[in-house]
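# Chains, contacts and geometry: an overview
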Amino acid sequence: MLFYAIRRVLGAIPTLLVIITLSFFLMRLAPGGPFAGDRVLPPEIARNIAAAYDLDKPLWQQFLIYLERLAHGDFGPSYKIRDFTVTQLIMNGFPVSLKLGLLAITLAVAVGTTLGILAALRQNRPADYSVMTLAMIGITIPSFVTAPLLQLIFGIYGLHIFGLNLSLPVGGWNGGAAQNLVLPVIVLALGPIAVIARITRGSMVEVLRSNFIRTARAKGLPTWRIIVHHALHAGLLPLVSYLGPAIADIVSGSLIVEQIFGLPGIGRYFVQAALNRDYTLVMGVTIFYAALIITLNLLVDLLYGVLDPRVRLK
Amino acid sequence: MIPGRTPAHPDAQLMEKAQAVKGRSLLADARRRLFRNKAAVASMVLLALIALMAVFVPVVSPYAFDAQDYSKISCAPSWWTADVPTCPGGAGGTHWFGTDPIGRDLFVRSFYGARISLAVGIVATLVSLAIGVLYGAASGFIGGRTDAFMMRIVDVLYSLPFIFLVIILMVIFNQNFILLFVAIGAVSWLTMARIVRGQTLSAKQKEFVEAARAAGVGTFGIITRHIVPNVVGPVIVYVTLTIPGVILAESFLSFLGLGIREPFTSWGVLISEGAGEMETAPWALIFPAALMAITLFCFNFIGDGLRDALDPKDR
C-alpha cells in the first residue's frame, strides 16, 4: 500500500512534466510576443522588457528558468494583469473555486446516491423510470443552458411558492454568502448528480440480487438496515472510481459556471486570460489544475484500496 | 400454379422451413432488436429530420443566415401570419423561431448552427475513431511490453484536464475552424483506444482465431476477418455516445467565445447569445437549446439501443 502510494507519486512527476512542457512550448508557438499588441516601442525599451521577462534568452534556457521558478511555486508575472503574479491570482481565486467545487461534489454525491438507491429499490417501476429520465436530462442538458434557465426562474422572475419568496441572487460572490452559492452549486452539481444516480442504480441493482442480501432478508432484518449496513458498502464502490472523472468534470464545469454567475474564481480568470492572450496566466492555471487533478485522482485510488479489500494495490 | 415453378419436391416445404430458420446472422439479429426498441427508432427518425432540415434549410426558409434586417429586431416567433406585429418596432413576418437583436432569422440560424454542430460532432468523432481504433488495435494485437507502454501513455493522458489544452490550442491557432474539429477529435480518442484494445485482447485468444491460424490464414486476414468484426459492436456503441460528447465540447468552447466565430454559428454560440437576452427574448435561448437537447437525447437513446441490441447478454 505504502509502496503503491510512493510509486504513484513518482509516476505523477513525469505526467506533470509532460503537461508543463506541452503548455510551455504550445504557448511559445503562438504568433507574436506577449507585448507585441500594445504600441510600437522604441527598440531599447523593447529590449529592456524582453530582458526583464527573460524573453531574450534562448528558448531552452527560458524553459529551464520557468521550471526552476515553478519548483519554488512561482508561476511568473501575469502579462496582462499588471502588478500581480500568477501565483497571487491563483491564490486569490482558488478559495472561491474550492468552496464551490467541494459543495458541488458533496451535493452531487448526496443527491445522486439517494436517487440511485431509490431507483434500484423500485426497479422497473414508475419511480425508477422517472429518476432515470431525470438522469438522462441531467446528462444531456449542458450547464450553460441550465444556468440561465435557473437564473430566469429563481432570479429574474423570482419564484414564490405558498407566499414564500424563493428568489435568489443571479450572480456575484458577496463574500461567499449562502444565497449567492445556491444556484452555482446546483448548476455545477447537476451533471455529476445524473451520472452518480446512474452508476449507483446499476451497482445497487446487482448487489441487491446477491446472496448475502437474500440472507439478510431471510434473517428478517428491516429493509433500511439491509441497505445501510449490507448493500451500501458494496453498492457504492463503483462510485469511488467515478470520483476522479467527477472532479475533472466539476473543474471544467467551473469555467462556465464562474463566468455565468460572475464569481471571482480561477475558472473565470482562465477564460479571461485565454481571451486576452495572457499566456503566463493560462499556463499557470493549466499546470495548477493538472497538479490538483492528479493529486485528487491519487487520493481516490488510495481510498479505493482502503474501502475494497479485494483490490490489491501493487 | 405460379408460373415458372416446378411441381413441389416432396421435401420442399421442409427445405423452406430450414432456410427460414437458418437465415439470421448476428447482425440481422441485432438490427431486429434495435428496430424493436421504440425510443431508438423514434430517435433515429427525429435525428434524420433534424439532419435533413439542416441540409435543406435554405430551400425551406426565404431568409439568409447572415442577412440582417434592422426593422425586425428581436421579433417574437410567429408561425402563421405575416400581419401580426411581433417585433418591438411594430413590424411583423413569419419568423418561426423569432429573430435576434440584429434582425437575423433564428430558424435559419438554428439549423445553420445544426450544420456546424453536427459536422463537428461527426468529423471529430471520425478523427477520434481513426486514432483510437488504430492505437487500440495495435496495442492489443502486439501485446507484451509495447502494449504496456502504449497503455501507460493513455493513462498519463487521461489525467490531463483536456478542455484546458483545447482552449490553449484554440487561442494559439486563432480559432481556426478545421483545427477545432481536429483538436476535439484528437483529445477524445482515449476511451476508444481502451475499448478497442480490450476487445482485441479478448478476441485474439478465442478458439476461432487459433483455428484460423492453424488453417494458415495470415495476420492481415485474421485481423480483417476475425478481430475487426468482434470489435465493431462496442465501437459503434461508443461512437454514438462520442458524437453528443463532442457536440457538447464544441458548444462549451463556443459558449466561452473560443469556438465558431461570426457570421457562422453553432448551437453553443446561439445559446450563448440567447442567454444574454433571455429576459426580453426568451425564444433566442429556448429554440436552439431545445434543438441541441433533443439531438443529444437522440444520440444517447440510439447508443443505449445499440448497446442492448449488440450485447444480448447485458440485458
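Residues numbered from 1 in each chain as written. Chains lettered and ligands numbered in written order. Predicted model: local features only at pLDDT ≥ 70, side-chain atom pairs only at ≥ 80, totals over all residues. Heavy atoms only, no water.

### Regarding the overall build of chain B
Scanning chain B from N- to C-terminus turns up 12 helices and 0 strands. When its helices and strands are written in sequence order, chain B yields α-α-α-α-α-α-α-α-α-α-α-α. Here chain B, with 315 residues, has 46% of them falling under the buried criterion. In chain B, 68% of the contacts between residues at least 6 apart in sequence involve partners at least 24 apart. Accessible area of chain B: about 16000 Å², with a carbon and sulfur share of 66%. (Helix = DSSP H or I, 4+ residues; strand = E, 2+ residues; numbered from the N terminus. Buried < 20%, exposed > 50% of the residue type's maximum accessible area, 1.4 Å probe, protein only. Contact = heavy atoms within 4.5 Å. Areas by Shrake-Rupley, 256 points an atom, 1.4 Å probe, with all protein chains shown as cover.)

### Structural notes on empty space enclosed by the protein
Residues and elements named next belong to chain B. Tallied over the entire structure, the rule returns 1 cavity of 30 Å³ or more. Around the largest cavity, the lining residues are Asp100, Pro101, Leu106, Leu270, Glu273, Gly274, Glu277 and Ala284. If one sorts the elements of the lining of the largest cavity by residue count, helix α11 (residues 267–276) sits on top with 3 residues. Looking at side-chain class alone, the lining of the largest cavity contains 4 nonpolar, 1 polar and 3 charged residues. (1 Å grid on protein atoms, 1.4 Å probe; cavity = no way out; pocket = protein on both sides within 12 Å on 5 of 7 lines; lining within 4 Å. Points joined across faces, edges and corners; volume = space filled by probe spheres on them. Nonpolar A, V, L, I, M, F, W, Y, C, P; charged D, E, K, R; others polar.)

### Some words on the side chain of Thr113(A)
All names here are of chain A. Tracing the backbone through its elements, the reader meets Thr113 in helix α4 (residues 86–121). On the basis of relative accessible area, Thr113 is assigned to the buried category, the value being 10%. At 3.2 Å, the side chain of Thr113 and the backbone oxygen of Ala110 are in polar contact. Aside from chain neighbours lying at most four places away, what touches Thr113 is Ala108, Ile196, Thr200, Leu236 and Leu239. (Polar contact = N/O pair within 3.5 Å; in protein donor to acceptor, adjacent residues only side chain to side chain.)

### Section: the packing of helix α4 (residues 106–142) of chain B against helix α5 (residues 144–158) of chain B
When two helices pack together, you describe them by how their axes are tilted relative to each other and by the distance separating the axes. Residues and elements named next belong to chain B. Remark: α4 packs on α5, axes separated minimally by 7 Å, with the N-to-C direction vectors making an angle of 145 degrees. Counted together, Tyr135, Ala138, Ser139, Gly140 and Ile142 of α4 and Gly144, Thr146, Asp147, Met150, Met151, Ile153 and Val154 of α5 form the full contact between these two elements. Counted by class, the contact of α4 with α5 contains 7 nonpolar, 4 polar and 1 charged residues. (Axes fitted to C-alpha atoms, helices over the stretch in contact; angles between N-to-C directions.)

### Remarks on a nonpolar patch on the surface
All names here are of chain B. Together, Val45, Leu46, Leu49, Leu52, Val55, Phe56, Val59, Val60, Trp79, Trp96 and Ile294 give the surface a local cluster of nonpolar side chains, amounting to about 1000 Å² of exposed area. With 8 residues, helix α3 (residues 38–60) is the largest single contributor of residues to the nonpolar patch. Among the secondary structure elements, Trp79 is positioned in the loop between α3 and α4. Residue Trp79 is classed as partly exposed on the basis of its relative accessible area, which comes to 48%. (Patch = residues over 30% accessible without salt bridge, like charges linked within 9 Å, V, L, I, M, F, W, Y side chains within 5 Å. Salt bridge = Lys/Arg side-chain N within 4 Å of Asp/Glu carboxyl O.)

### Some thoughts on unusual backbone geometry
Not every positive phi belongs to a glycine, and Asn124(A) is a case in point at roughly 60 degrees. Inspection of the secondary structure assignment puts Asn124(A) in the loop between α4 and α5 (126–140).

### Some details on the pattern of salt bridges
Counted according to the given criterion, the structure contains 5 salt bridges over all chains. With a closest N to O distance of 2.8 Å, Arg201(A) and Asp128(A) form a salt bridge. Of this pair, Arg201(A) sits in helix α7 (residues 178–208) while Asp128(A) sits in helix α5, and the two are 73 residues apart along the sequence. Taking the relative accessible area as the measure of exposure, Arg201(A) reaches 18% and is therefore buried. Look at Asp128(A) and you get buried, because its relative accessible area is 1%. A salt bridge links Asp304(B) to Arg198(A); the shortest N-O distance between them is 3.4 Å. Note that Asp304(B) is positioned in helix α12 (residues 283–310) and Arg198(A) in helix α7, a pairing that runs across two chains. A residue is classified by how much of its surface remains accessible, and Arg198(A), at 31% relative accessible area, is partly exposed. Here the salt bridges share partners, and the residues they tie into one network are Arg198(A), Asp304(B) and Arg307(B).

### Points about the interface of chain A and chain B
Listed per partner, the contact involves 43 residues of chain A and 35 residues of chain B. Looking at the side of chain A facing chain B, the largest losses of area belong to Met136(A), Thr140(A) and Phe144(A), adding up to 18% of the total buried there. Taken together, the links from chain A to chain B amount to 1 salt bridge. Where chain A touches chain B, the interface holds 1 residue pair in polar contact (both at pLDDT 80 or more). Breaking the side of chain A that touches chain B down by element, the ones donating at least two residues are α1 (2–29), α5, α6 (143–156), α10 (237–261), α11 (266–276) and α12 (279–307) of chain A. The residue inventory of the side of chain A that touches chain B, partitioned by class, reads 33 nonpolar, 8 polar and 2 charged. (Buried area = accessible area lost by both parts, 1.4 Å probe.)

### Overview of α7(A)
Across its 31 residues, α7(A) extends only 38 Å between first and last C-alpha, which sits more than 12% below the 45 Å expected from 1.5 Å per residue. At Leu190(A), α7(A) shows its largest kink, close to 40 degrees, and the proline Pro192(A) lies no more than four residues downstream. (Expected span 1.5 Å × (residues − 1). Bend = angle between axes of the 7 residues up to and from the residue.)

### Some details on the environment of Ala309(B)
All names here are of chain B. Turning to its location among the elements, Ala309 is positioned in helix α12. Note on Ala309: relative accessible area 3%, which makes it buried. The sequence separation of Ala309 and Asn37 amounts to 272 residues, and the corresponding C-alpha distance is 8.7 Å.

### A word on the packing of α5(B) against helix α8 (residues 190–204) of chain B
Residue and element names in this part refer to chain B. Contact pair α5 / α8: the axes reach a minimum separation of 10 Å and the direction vectors enclose 150 degrees. As judged from the angle between their axes, α5 and α8 are roughly antiparallel. Crossing of α5 against α8: the hand is left-handed. Every residue of α8 that contacts α5 at Asp147, Met151, Val154, Asp155, Leu157 and Tyr158 is listed here: Leu190, Thr191, Ala193, Arg194, Arg197 and Leu201. For the contact of α5 with α8, a count of residues per class yields 7 nonpolar, 1 polar and 4 charged. (Parallel < 35°, antiparallel > 145°, perpendicular 65-115°, else oblique. Left-handed = near helix turned anticlockwise from the far one by under 90°.)

### Some words on the environment of Leu165(B)
All names here are of chain B. Counting through the fold element by element, Leu165 comes out in helix α6 (residues 162–172). With a relative accessible area of 10%, Leu165 lands in the buried category. With 60 residues separating them along the chain, Leu165 and Arg225 place their C-alpha atoms 38 Å apart.

### Details of the nonpolar core
Core analysis: the largest hydrophobic core is formed by 143 residues, its most contacted members being Phe144(A) and Ile167(B). In contact with Phe144(A), other than residues within four places in its own chain, are Ile256(A), Ile260(A), Ser251(B), Phe252(B), Phe255(B), Ile271(B) and Met292(B). Counting 11 residues, the second-largest nonpolar core is a separate cluster that includes Met204(A), Val205(A), Leu208(A) and Ala231(A). (Core = buried A, V, L, I, M, F, W, Y, C linked by side-chain atoms within 4.5 Å.)

### Quick word on the packing of aromatic side chains
All chains considered together, the criterion is met by 13 aromatic pairs over all chains. Residues Tyr135(B) and Trp189(B) carry aromatic rings whose centres are separated by 5.0 Å and whose planes lie at 55 degrees to one another, so their mutual orientation is tilted. With a gap of 54 residues between them, Tyr135(B) in helix α4 and Trp189(B) in the loop between α7 (177–186) and α8 connect regions that are remote in the sequence. Chaining the aromatic ring pairs together yields one cluster made of Phe24(A), Phe25(A), Phe63(A) and Tyr66(A). The residue whose ring lies beneath Arg115(B) is Tyr112(B), and the NZ or CZ to ring-centre distance is 4.5 Å. (Phe/Tyr/Trp six-rings, centres within 6.5 Å; stacked < 30°, edge-to-face > 60°. Lys NZ or Arg CZ within 6 Å of the ring centre and 35° of its normal.)

### A few points about the confidence of the model for chain B
All names here are of chain B. The predicted model of chain B has a mean per-residue pLDDT of 80, with 84% of residues at 70 or higher. Of all secondary-structure elements in chain B, the lowest mean pLDDT belongs to helix α1 (residues 12–22), at 60, while α3 reaches the highest, 89. For this predicted complex, the interface score ipTM comes out at 0.76, while the overall pTM is 0.79. (pLDDT = per-residue confidence, 0-100.)

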